[in-house]
Structure formats: C-alpha cells, structure tokens
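Structure assessment
These are the residues of each chain, in order.
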Amino acid sequence: MNRVILFLIFPYICLHAHIDEVEALYSQQDPKCLSKLFAFYHLHSENDSGKKALETAFSLINKHRENPISLSAIPLFHRMDFDSFLTTLTKQPEETLPQLTSEQIVFVDKISDHLKHRKLKGHYALSKEEVLALPSEQVDLSRAIFLSQYGKDQLDVIKSYEASLDLFALSILARLDENPSDKQIIEKISYFIFYEMLFRFPPHSLWIKDVDQYTFLPSILDSHHGVCLGVSILYLSLAQRLGLDLTICTPPGHIYLSYTGSDGEVQNIETTARGIHMPTENYLSIQTKSVEQKTLKQVIGLHHINAASVFWQAGMHKKAIEQYQHALSFMPEDTLTKTFLGLNYLFTEEKEMGIKYLNEVKGKKIDGSIMTNSAIEDYLSGAINEAGIAAIFESVDETRESILKKQKELQEILIKFPNFRDGIFHLAITWLQLGRQKEALDVLNDYHKIDPNNATVEYYLTYLSFARLKPALAKRHYKYLKYLLDKENHKPGCLKELSMMLKTSSLLE
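My aim in this report is to walk through the structure given alongside it, one point at a time. (Residues numbered from 1 in each chain as written. Predicted model: local features only at pLDDT ≥ 70, side-chain atom pairs only at ≥ 80, totals over all residues. Heavy atoms only, no water.)

**Details of the overall build of the protein**
For the protein, the count of helices and strands is 25 helices and four strands. Its C-alpha atoms give the protein principal-axis dimensions of about 85 × 55 × 45 Å. When each of the 509 residues of the protein is scored for burial, the buried share is 52%. Of all intrachain contacts in the protein linking residues separated by at least 6 positions in sequence, the fraction that spans at least 24 positions is 58%. Accessible surface, the protein as shown: approximately 23700 Å² in total, 51% of it carbon and sulfur. Measuring between centres, the 55 positive side-chain charges of the protein sit 6 Å from its 64 negative side-chain charges. (Helix = DSSP H or I, 4+ residues; strand = E, 2+ residues; numbered from the N terminus. Buried < 20%, exposed > 50% of the residue type's maximum accessible area, 1.4 Å probe, protein only. Contact = heavy atoms within 4.5 Å. Areas by Shrake-Rupley, 256 points an atom, 1.4 Å probe, with all protein chains shown as cover. Lys, Arg positive; Asp, Glu negative; His and termini not counted. Charge placed at Lys NZ, Arg CZ, Asp CG, Glu CD.)

**Here we look at helix α15 (residues 317-330)**
In a regular helix each residue adds 1.5 Å, so 14 residues correspond to 20 Å; α15 covers 20 Å between its end C-alpha atoms and thus fits that length. By the burial criterion, the buried members of α15 are H317, A320, I321, Q323, Y324, A327, L328 and F330. Packed against the buried residues of α15 are α7 (128-132), α14 (296-313), α16 (335-346) and α17 (351-361). (Expected span 1.5 Å × (residues − 1).)

**Quick word on the state of the cysteines**
With the rule as written, the count across this model stands at zero disulfides. The closest cysteine sulfur to the non-disulfide-bonded C228 is located on C249, 12 Å from its own sulfur. (Disulfide = S-S within 2.5 Å.)

**Some remarks on the side chain of T271**
Looking at the secondary structure, you find T271 in the loop between β3 (266-269) and β4 (292-294). Separated by 3.1 Å, the side chains of T271 and S232 make a polar contact. Setting aside chain neighbours within four positions, we find T271 in contact with F194, C228, V231, S232, Y235, I255 and L257. (Polar contact = N/O pair within 3.5 Å; in protein donor to acceptor, adjacent residues only side chain to side chain.)

**What about helix α3 (residues 34-43)?**
Given 3.6 residues to a turn, an α-helix orients residues that are three or four positions apart in the same direction. Counting buried positions along α3 yields eight of 10 residues, so the element is predominantly enclosed. All of the buried residues along α3 are L34, S35, L37, F38, A39, F40, Y41 and L43.

**Digging into the environment of D334**
Counting through the fold element by element, D334 comes out in the loop between α15 and α16. Taking the C-alpha atoms as reference points, D334 and V361, 27 residues apart in sequence, are found 9.2 Å from one another. A polar side-chain atom of D334 sits 3.5 Å from the main-chain amide nitrogen of L336.

**As for the pattern of salt bridges**
Applying the stated rule across the entire model yields 23 salt bridges. Of the charged contacts in the structure, one is a salt bridge between K356 and E360, with a shortest N-O distance of 2.9 Å. Placement of the pair is K356 and E360 together in helix α17, with a separation of four residues, close to one helical turn. Note on E360: relative accessible area 29%, which makes it partly exposed. A salt bridge links K482 to D486, with the shortest nitrogen-to-oxygen separation between them at 3.2 Å. Residue K482 and its partner D486 are located together in helix α24 (residues 471-487), separated by four residues, close to a single helical turn. (Salt bridge = Lys/Arg side-chain N within 4 Å of Asp/Glu carboxyl O.)

Nothing here speaks to function; it is geometry throughout.
As structure tokens, this is what we get:
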C-alpha cells in the first residue's frame, strides 16, 4: 500500500479498528480534502464511515456541477486500482507520478466533465496544426503543450497527465464555496500548488544544468520542481479548468501571471515565490520600460523556445533551429525568436539563413526594452565573428573556475575584436562575479568610449564610480544616464535609488 495514503491519516490508522474507533478517525478528517476522503474510503470501504467519506467526496464534486453525478454512472469505479489513483493526489516530490490506467482515466473524465476547459475547441485537438488553426481564446494550453511533447501517437500518456490536472482542479474546487470570486480561486490555486502539493523553484545549481526537467509540464508534474515558465503553465492549466482568466506577463527572461479585478486593482502572481503579489514596478529595470503581455498561443511558443535552449546548450543547433521554427509558427513576428533562430543558423552550414533572420530584427527592440541588440549589429558590421557570439551565450555555474574560463575566452576574443560591445559588457560582468569592482569599472569605461548610449552600462558606471570613491565621475555618468532615460520617457525605480545614493553624498544639488 502506498505509504503516502497511510500518512494521510497517520497516526490513527488501524485496518481492523472497532467501528467506534473508525467513526472517531472519520470525524478527524479534513471535510474539504478530496485526497484524504478518498484515502479514508479506500481503507474503510466496508465500514459506514468509509462509505460516508465517499459520499462526502462526491458531495464536494457535485457542489460545482450543474448536473450531479453518482457512483451508479461509473460502473468501473469498484474495479479501479485505488493505490496509484491516490498517488496522483498525494505524490511527494521524490516520488514518481504513475501513469493512470484506462479505468482510472474514465473515472476522472466522468467526475471532471464539468470543468471549464472542456468547452474549449482546443481540448479536442490532436495535432499542432489543429491548435494553430484556433483563435488563442479557444486553446487548451495543457493539451497543446502535451501534444508538442508527445504527439497524438501517445494519447494515453497525454490523457493520464490531463487526468492528473483534472484531479488537481477538483481538489481546488472542493475547498471553494459555490460561485467563488476570482480572488478566492487565485488564493486556492496558489495554496494547492505551493503549500498542499509543494511545487517549488529548483536550486540554481540544479536547474542551470537540467533546465528541461524544470520547464516542461510533464517533468514538473513528476518532480514538483519548476522554473517560472513551467510553473506558470501549470498555474494557467488549472486556471483554465476553473474558468479563471489571467494575464500572461513577460519581462525579459521571465514570466509571471496577473489578474485585474473589476475595480481595476492588479494582483500579480509570482510563481517562483509561491504565488505572492509583487508590484509591477519590481519587474522594470534600467533597460526594461514596460512588461509585455502574451497570448496562450505565444506561451506555447515560449515552451518551444525553452526546449530550443536545451538543444542550444548541448551544441545541437539543428535541433534548436527546429524548436525555434515551431515557436515562430505560434508567434511569427516575435523578435526574440527570430534573433535566437538566426544566431543558431550561424553555427550551422546555413549561415546565410542566419544573416537573413538577423537582418530582419536588426535595430528592433525586444520585450519592452529601450535598447536594441548590439551583438546583432556588431556581427552584421563585422565587429565580431560566430565564435564571439557563442562566447557571450556560454553559461557559467557558481564556481570560480567556470567564471575564469569564460573570462579568459572573452579576453582572447576581444584582442582580435576590441570593439565587440557585448563581449566587453560580459567581461565586466565576470569581474563583478569575482568581486573585482576596479577591473569591472575599467572594462566598462572601455565600453563607454566605444558606445556612450547604453543605459545599463551608464548605470553600472555610476554605481561603480561611487563605490570606488570617484564622485565626479559618478555624477557625470548619472547625468548622462538620466539624459538617455529621459529620451525614452522612462523613470525606473532604480534610478530614484541611485539619485538618493548620490544626494546623500552631496553630489547632486
């Protein structure tokens, strides 16, 4: 018997308990927890209290159904393997999520056929082409993601994972009163994901090596660990089942969800921090002026972008190109996708295709940024070659050896290509990672001589000049930074903090 089932009602379990004792055990169960009610029934199915637990479970399910369902409508129920069924609802992070049997899938399908995503045309899609033909509001996100990973030939695997999500949604509904508000639904989704099922952001040392395990929805359901995109897809999949509309927000390199109430109040949902609200201003920076919003179709594209990054890191550029092409079919005008697609073509024999895509995005800004991609400009002008482009995208881990390796590579490249701006910037970052502010300041001053119009560089120069006790230099870089931001009508919070820091030292009037 699954040890988690035992744990659910520990320490009271006694399979041959006296009837009064079983009744006492039942009275101590959480009356709104489907997993515990089903587990209690499984252990005491021949007892009146066990049958009462099953009735209570069905009453929770029927609470949100227009047409109540009874056991008589599910003839396979008593033949069903309950152990693996319950594991889906009670699985701990270190355990494997079982693939449900056909009987279990039929059972879950019957008791969850009132969930809102069943009305979406995308729930019945069997191919990428069918998903592409749909308007975004008809896309069933989880079905589209599973199709992209498994294809219709593994529909049994897809339906097993979908049934798991359906059970999650039913568990959330069980804790909600009839006709709950959107905010109540958000509260219960967050509680279920982060506190009941214990989904977590993985440690950096793990996800940087195995990002695919923490991005793709099946892996997240198996491991209960996920990065921002993966857990946001999980959250959106449950929200669709519960009829909750959320906004998908994508500051550079990140994704979070947001809800706007009828009163205009915004509640952001930060899935890397257990669903807490973070002010939108927190996602802005010197470089980021606004937070872009994505459609469900574009989220599918983001899923393919993350899949491509796995192949890119492994040096499998043709596989990466294939995934970027898939992403582009869902977001055909996306500048970032075309950029990454073009860069990966540079590392294959189809270099001319890479140049074609890079020319398409040259001079374009990405995801609410106030800046263009200088690496593309430098490559197309001959200021850097393919090896230099590869170097700036080389990942580092938390070890000193990894940072020094990348630093040496960048230094060698800059001897041959001294005006490669992204190479200079990344070299400065390696010095900062090593805690060497003086060297970082010197390198960034070299960047400023080549291009004084990078606001991020001017920010670092202001801060580092101040830290190195060079007030006049800090003041000069701050004023130029403010000039660059004023041109973009951009007033990020970190600029105010920088101003206050300088004012305390009487550097500004």
